[in-house]
Amino acid sequence: MTPGAGELSVGEVAQRSGVAVSALHFYEREGLIASRRTAGNQRRFRRDVLRRIAFIRIAQRVGIPLAQVREALEELPDARTPTRADWERLSASWRAELDDRIRRLEQLRDDFTGCIGCGCLSIDRCQLVNPGDTLGAGGPGPRVLRR
């Protein structure tokens, strides 16, 4: 493709992707996307950057840190745009981490419900702040709330 042919300005990319211009600048600084500069120092993006941005946003939405997203994108040959097969491979590699995160969030949710139920008046029941009533050795009262 000749320079300029079919390229998008940063505003056009923002509009098409639903990502703020400031986020696009951030993604570029972080090495997640790339642009070329015109003679007037304006950013121009290849159209395939839209798929790359969609890939980044989906990964972020499920909680994959940008550092891991960057590493994954860097593994692609010639820094090409991810394909469906790439996403399937990468999402499979992230599945165990996501499953673990889900398990921890479910545990937190269940413990949090119990904590709200006790209202911190019977701190011996609080699995978040006082698992196993370790604070009970210090005497009665909501000592954690006084800190």
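Residues numbered from 1 in each chain as written. Predicted model: local features only at pLDDT ≥ 70, side-chain atom pairs only at ≥ 80, totals over all residues. Heavy atoms only, no water.

**Observations regarding helix H3 (residues 49-61)**
Right, so step 1: With 13 residues, H3 extends 18 Å from end C-alpha to end C-alpha; this agrees with the ideal 18 Å at 1.5 Å per step.
Right, so step 2: Among the residues of H3, Val49, Leu50, Arg52, Ile53, Phe55, Ile56 and Ala59 are the ones counted as buried.
Right, so step 3: Backbone geometry just after H3 places glycine 63 at a positive phi near 95°. (Helix = DSSP H or I, 4+ residues; strand = E, 2+ residues; numbered from the N terminus. Expected span 1.5 Å × (residues − 1). Buried < 20%, exposed > 50% of the residue type's maximum accessible area, 1.4 Å probe, protein only.)

**Comments concerning helix H2 (residues 21-29)**
Along an α-helix, residues three or four positions apart point the same way, because every turn accommodates 3.6 residues.
Right, so step 1: Inspection of H2 places Leu24, Tyr27 and Glu28 among the buried residues, and these make up the whole buried set. The arc that holds the buried residues of H2, viewed along the axis, is 100°, so those residues lie on one side. Every exposed residue of H2 that faces more than 90 degrees away from the buried side is listed here: Ser22 and Arg29.
Right, so step 2: Where H2 is buried, its residues contact helix H1 (10-17), strand E3 (43-45) and H3.
Right, so step 3: Taken from the residues just after H2, glycine 31 is the one with a positive phi, measuring 80°. (Arc of directions from axis to C-beta. Contact = heavy atoms within 4.5 Å.)

**Let's talk about the pattern of salt bridges**
Right, so step 1: A full pass over the atoms with the stated rule returns nine salt bridges.
Right, so step 2: For glutamate 30, the salt bridge goes to arginine 70, with nearest N and O atoms at 3.3 Å. Placement of glutamate 30 in the loop between H2 and strand E2 (36-37) and of arginine 70 in helix H4 (residues 66-75) is noted, with a sequence separation of 40 residues between them.
Right, so step 3: Where arginine 101 meets glutamate 97, a salt bridge forms, and the shortest distance between an N and an O atom there is 2.8 Å. Here the residue arginine 101 and the residue glutamate 97 both occupy positions in helix H5 (residues 84-118), the gap between them amounting to four residues, near one helical turn.
Right, so step 4: Judged by relative accessible area, which is 22%, arginine 101 ranks as partly exposed.
Right, so step 5: Accessibility expressed as a relative area gives 29% for glutamate 97, which makes it partly exposed.
Right, so step 6: Residues joined in a network through salt bridges with shared partners are Asp100, Arg103 and Arg104. (Salt bridge = Lys/Arg side-chain N within 4 Å of Asp/Glu carboxyl O.)

**Focus: the packing of aromatic side chains**
Right, so step 1: Under the criterion given, the structure shown has three aromatic pairs.
Right, so step 2: Geometrically, the ring pair formed by phenylalanine 55 and tryptophan 87 is edge-to-face, given 5.2 Å between the ring centres and 85° between the ring planes. Placement of the pair is phenylalanine 55 in helix H3 and tryptophan 87 in helix H5, with a sequence separation of 32 residues.
Right, so step 3: Taken together, a centroid distance of 6.0 Å and an interplanar angle of 70° make the contact between tryptophan 87 and tryptophan 94 edge-to-face.
Right, so step 4: Taken together through their ring pairs, the aromatic side chains of Phe55, Trp87 and Trp94 make up a single cluster. (Phe/Tyr/Trp six-rings, centres within 6.5 Å; stacked < 30°, edge-to-face > 60°.)

**Here's the deal with the side chain of glutamate 7**
Right, so step 1: The residue glutamate 7 is located in the segment before strand E1 (8-9) in this model.
Right, so step 2: Among the residues examined, glutamate 7 registers a relative accessible area of 14% and is labelled buried.
Right, so step 3: Reaching out from glutamate 7, the side chain makes a polar contact with the side chain of arginine 36 at a distance of 2.9 Å. (Polar contact = N/O pair within 3.5 Å; in protein donor to acceptor, adjacent residues only side chain to side chain.)

**Re the nonpolar core**
Soluble, globular proteins show a tendency: their nonpolar side chains are buried together.
Right, so step 1: With 24 residues, the main nonpolar core has Val13, Leu24, Tyr27, Ile33, Ile53, Ile56 and Val69 as its most contacted residues.
Right, so step 2: When residues of this core are traced back to their parent elements, those giving at least two are H1, H2, H3, H4 and H5.
Right, so step 3: Among the elements that take part in this core, H3 stands out by supplying six residues, more than any other.
Right, so step 4: Beyond its immediate chain neighbours, meaning those up to four positions away, valine 69 contacts Leu32, Phe55, Ile56, Ala59 and Ile64. (Core = buried A, V, L, I, M, F, W, Y, C linked by side-chain atoms within 4.5 Å.)

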